[in-house]
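Okay, here's what each chain looks like letter by letter:
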Amino acid sequence: MATLELVGLTKQFSGNNVAAVHDVNLNVADGEFLCILGPSGCGKSTTLRMIGGFEEPTAGDVRIDGQSVVNLPPNRRPTAMVFQKYTLWPHMRVYDNIAFGLRLHHIPKAHIDREVKSSLEMVGLAGYDQRYPSQLSGGEQQRVALARALVLKPKILLLDEPFSNLDALLRVRLREELHAIQRRIEITAIFVTHDQEEALSLADRIAVMNAGHLEQLDKPSQIYAHPKSLFVADFIGVMNIFPAERRGDSLRIGQYSVKAPANLSADAGISIAVRPEDFSFGAAGRSDSTEPWLGTIDQSIDLGHYRKVLVVVPGLFPDQATAMMHRVKVYMPKAAEAREGDSIALYPRRYLVYADHIQPLEIRTDLTSTDENLSDNLARVAIASEQLANSG
Amino acid sequence: MASQSLTRTGEQAFTPSYVLKGFRRESLSLLLIVLLFIVIIGPMMTVIFWAFAEQWRYPSLVPTKWGLSYWAETLSRADVTSALPLSIGLASVVTLLSAVICLPASYAFARMNFPGRQGLLLSFLATNAFPRFGLYVSIAVVFFRLNLIGTIPGVILIQIVNTLLLMIWIPTAAFQNVDRSLEEAALDVGASRWRVFLQITLPMVLPALSAAILLTFVSTFYEAQGALIVGVPNIRTMPVLMYSIINSQVIVQYGAVISLVLWLPSLLLLIFAQRFVRGNTISAGFGV
């Protein structure tokens, strides 16, 4: 039942020249689930800790329901946090862990009993109230930590990579349960993670952070389809990135060239990004004017409902060794014939052009090919299953 | 890597040298047990026997006449009746003062970062790194000028020096072991900093703090060098008295009874340690 605003939030740790968090501005709507996503050290946890009151911002403001809380200590903020580490107090039973905060508010015992019971039921641990934390598994401990945070009915729920210490399957299950709970009680939640799969599957919107800066704040599908910076393009999902040079109205990648966007002003420092699912392919020699990238299939991996193919395209790079190092990742339907050692022709169907200090430009060579939403959803499934395969 | 080392130990199990090694290891532990008996259990039994002996004539292996009469005699000696309460009182006061000074300091060492922190922490080793006796003599020279020789405050001061290492290092490690996020979680659900300390941090370090306090009490109770050098001639604690009785008395039983009385605190400590302190708490004190 609350909105959150971050206004020019900045954190500079003493003895450090670079700001850990630099001028972050964002608004979170009532009941929204926002994920802050970024690599380790990008400032996402520091941002969350500033919302919770554990770090003092160097500049900027944190507003909950329009009211500044930036001068309040954590114990007086209407936020509750679930930490990455297991933070149940080891000398207290589950019951006392959850009741601790309620007791501070002089709530009658019968009421506390009721609240503890219902919060344990909510996280699926009814009957665990008399156990000690050491008798619980990691997943159970994090559920109790969630119950402990929610029992106080906070305005904003903060989660700092709460599932990152759990194994892959449990992580997915807890994530789904968290999502269901958040939807049911309609609490505003901020979830910090470095795991894009987690972010894509949980978030209403994702805030991608890098080196203290907020790179992009958007819906998951938008972040995937229209990454605003080369960093986001590279960080979210799988992306092929090629350095390019401008030659008149075309862009050269090695010996190949693709059409340059009409409004591209830069001449150098240009990168071209192509998603693995944005290639058409076939044997060499297609009727349309697009120039095919000719390569050899180096590896063909069957990932269940689709196929991931790594292609060496010597023409894209100055020499064979570099081409081997930067194999082009392509997703193909399972039915497609793709044996290792086969020759293949790739046609970039859709690519994004990035240059310094300009908005990315999108080029489609084959507009008839797919319905965008469908392709985005397919891509999300693809990322998810690939990551599961990697982590398993 | 793992499988390699597995096969290697597997192979070793069948080679003669490995069997020999195992044999050697077993005989080594046997030797240690025998040594333990000779060096520790043996003298201990002798002391216990002497304390309850009315008469012990050669060549009997045990006292020829048992009895408790020397207990009554020893414990009613004027020097013992004054030394025992003095020792207990001194140890209590020193432990209390040391706790008051050191526990807040150890919290600061664990939780705050100030210039010279590491050096200061290491400096407490200094009292243990050099021969105590020399340190005490030089302190005594200073105390002499300050008219502290032969006074209770003088003995208290020199004994506090002795407790610093234990009382700083063990609690510092204990406070460091309490993860900050546990405290933050309590702060997060609305507890004030003071309440967080009382209800979260303190209960978690309590076993280690109790261990430090008990060790301090016991080691102060047994401390003789400092008390001897600074306390003469007025202050005679139990260990000081024990030295003089053992050195000057013909009757062995006096010394034996006092030794047993002096064992009592460490026996209690042992029982406490077994019941309440996890095995690694004390060793953790030295992992700073």
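Just so we're clear, the structure is a prediction, and the values are computed from it rather than from any experiment.

**Observations concerning the overall build of chain A**
Here is step 1 of the chain: In terms of regular secondary structure, chain A is built from 10 helices and 21 strands.
Here is step 2 of the chain: Looking at chain A as a whole, 41% of its 392 residues are labelled buried.
Here is step 3 of the chain: Taking as baseline every contact in chain A between residues at least 6 positions apart, the subset at least 24 positions apart corresponds to 66%.

**Details of the nonpolar core**
Here is step 1 of the chain: Cys35, Ile36, Leu157, Leu158, Ile190, Ala207 and Val208 of chain A are the most contacted members of the largest nonpolar core, which totals 162 residues.
Here is step 2 of the chain: Of the residues forming this core, the biggest block, 13 residues, is contributed by helix 8 (residues 152-177) of chain B.
Here is step 3 of the chain: The contact partners of Leu157 of chain A, leaving out residues within four places of it in the chain, are Ala80, Ala149, Leu150, Ile187 and Ala189 of chain A.

**Some points on the interface of chain A and chain B**
Here is step 1 of the chain: Contacts between the two partners involve 18 residues from chain A and, on the opposite side, 15 residues from chain B.
Here is step 2 of the chain: If you list the elements that add at least two residues to the side of chain A that touches chain B, you get strand 6 (79-82) and helix 2 (94-104) of chain A.
Here is step 3 of the chain: At 3 residues, the largest contribution of residues to the side of chain A that touches chain B is made by helix 2 of chain A.
Here is step 4 of the chain: Residue classes in the side of chain A that touches chain B are distributed as 10 nonpolar, 6 polar and 2 charged.

**Focus on the packing of helix 2 of chain A against helix 4 (residues 138-150) of chain A**
Residue and element names in this part refer to chain A.
Here is step 1 of the chain: Running from amino to carboxyl end, helix 2 crosses helix 4 at an angle of 25 degrees, the nearest separation of the two axes being 8 Å. The angle between the axes of helix 2 and helix 4 places the two elements in the roughly parallel class. Pair helix 2 / helix 4 crosses with right-handed handedness. On helix 4, the residues touching Val94, Asn97, Ile98 and Gly101 of helix 2 are Val144, Ala147 and Arg148.
Here is step 2 of the chain: Grouping the amino acids of the contact of helix 2 with helix 4 by side-chain chemistry returns 4 nonpolar, 2 polar and 1 charged.

**A look at the confidence of the model for chain A**
The predicted coordinates ought not to be read in detail in places where the model reports low pLDDT.
Here is step 1 of the chain: The predicted model of chain A averages 87 in pLDDT, with 90% of residues at 70 or higher.
Here is step 2 of the chain: Here residues 367-378 of chain A scores under 50 on pLDDT; set against residues more than four positions off or in separate chains, the count is 8 contacts.

**Re the domain arrangement of chain B**
All names here are of chain B.
Here is step 1 of the chain: By the assigned domains, chain B splits into domain 1 (2-67) and domain 2 (78-284).
Here is step 2 of the chain: If you tally residues by element for the side of domain 1 that touches domain 2, the top one is helix 2 (residues 16-51), at 4 residues.
Here is step 3 of the chain: Looking at side-chain class alone, the side of domain 1 that touches domain 2 contains 5 nonpolar, no polar and no charged residues.

**A few points about the sheet that holds strand 1 (residues 4-11) of chain A**
All names here are of chain A.
Here is step 1 of the chain: Strand order in the open sheet formed by 4 strands is 2-1-4-5, with antiparallel pairing between adjacent strands. With one partner strand each, in any of the chains shown, strand 2 (21-28) and strand 5 (67-68) form the two edges of the open sheet.
Here is step 2 of the chain: This element, helix 1 (residues 44-52), spans strand 1, strand 2 and strand 4 (59-64) of the sheet and lies at about 120 degrees to strand 1.

**A word on the sheet that holds strand 10 (residues 213-218) of chain A**
Residue and element names in this part refer to chain A.
Here is step 1 of the chain: Ordered in space as 6-7-8-3-9-10, the 6 strands form an open sheet in which the pairing is mixed. Each having just a single partner strand, strand 6 and strand 10 make up the two edges of the open sheet. Geometrically, the sheet is characterised by an average inter-axis angle of 20 degrees between neighbouring strands, direction not taken into account.
Here is step 2 of the chain: The sheet contact formed by strand 3 (residues 33-37) and strand 9 (residues 205-210) spans 4 bridges and is parallel. Paired with Leu37 across the strands is Val208, a residue of strand 9.

**Quick look at the pairing of strand 13 (residues 256-259) of chain A**
Residue and element names in this part refer to chain A.
Here is step 1 of the chain: Alignment of strand 12 (residues 250-253) against strand 13, held across 4 bridges, turns out to be antiparallel. Each residue of the ladder has a partner; that of Ser250, found in strand 13, is Lys259.
Here is step 2 of the chain: Linking two consecutive strands that pair antiparallel, namely strand 12 and strand 13, is a turn of 2 residues; a positive phi of about 60 degrees is found at Gly254 within it.

**Side note on the packing of helix 8 of chain B against helix 10 (residues 193-222) of chain B**
Packed helices, taken two at a time, are described by the angle their axes make and the gap between the axes.
Residues and elements named next belong to chain B.
Here is step 1 of the chain: With their axes 9 Å apart at the nearest point, helix 8 and helix 10 run at an angle of 165 degrees to one another. Accordingly, the angle class assigned to the pair helix 8 and helix 10 is roughly antiparallel. Remark: the crossing between helix 8 and helix 10 carries right-handed chirality. Only Val205, Ala208, Leu209, Ala211, Ala212, Leu215, Thr216 and Thr220 of helix 10 make contact with helix 8, whose side of the interface consists of Gln159, Asn162, Thr163, Leu166, Met167, Ile170, Pro171, Ala174 and Phe175.
Here is step 2 of the chain: For the contact of helix 8 with helix 10, the per-class residue count stands at 12 nonpolar, 5 polar and no charged.

Quick notes on the rules
- Residues numbered from 1 in each chain as written.
- Chains lettered and ligands numbered in written order.
- Predicted model: local features only at pLDDT ≥ 70, side-chain atom pairs only at ≥ 80, totals over all residues.
- Helix = DSSP H or I, 4+ residues; strand = E, 2+ residues; numbered from the N terminus.
- Buried ≥ 20, exposed ≤ 12 C-beta atoms within 10 Å, placed from the backbone.
- Contact = placed C-beta atoms within 7 Å.
- Core = buried A, V, L, I, M, F, W, Y, C linked by C-beta atoms within 7 Å.
- Nonpolar A, V, L, I, M, F, W, Y, C, P; charged D, E, K, R; others polar.
- Axes fitted to C-alpha atoms, helices over the stretch in contact; angles between N-to-C directions.
- Parallel < 35°, antiparallel > 145°, perpendicular 65-115°, else oblique.
- Left-handed = near helix turned anticlockwise from the far one by under 90°.
- pLDDT = per-residue confidence, 0-100.
- Domains from an automatic or database assignment.
- Pairing = 2+ DSSP bridges.

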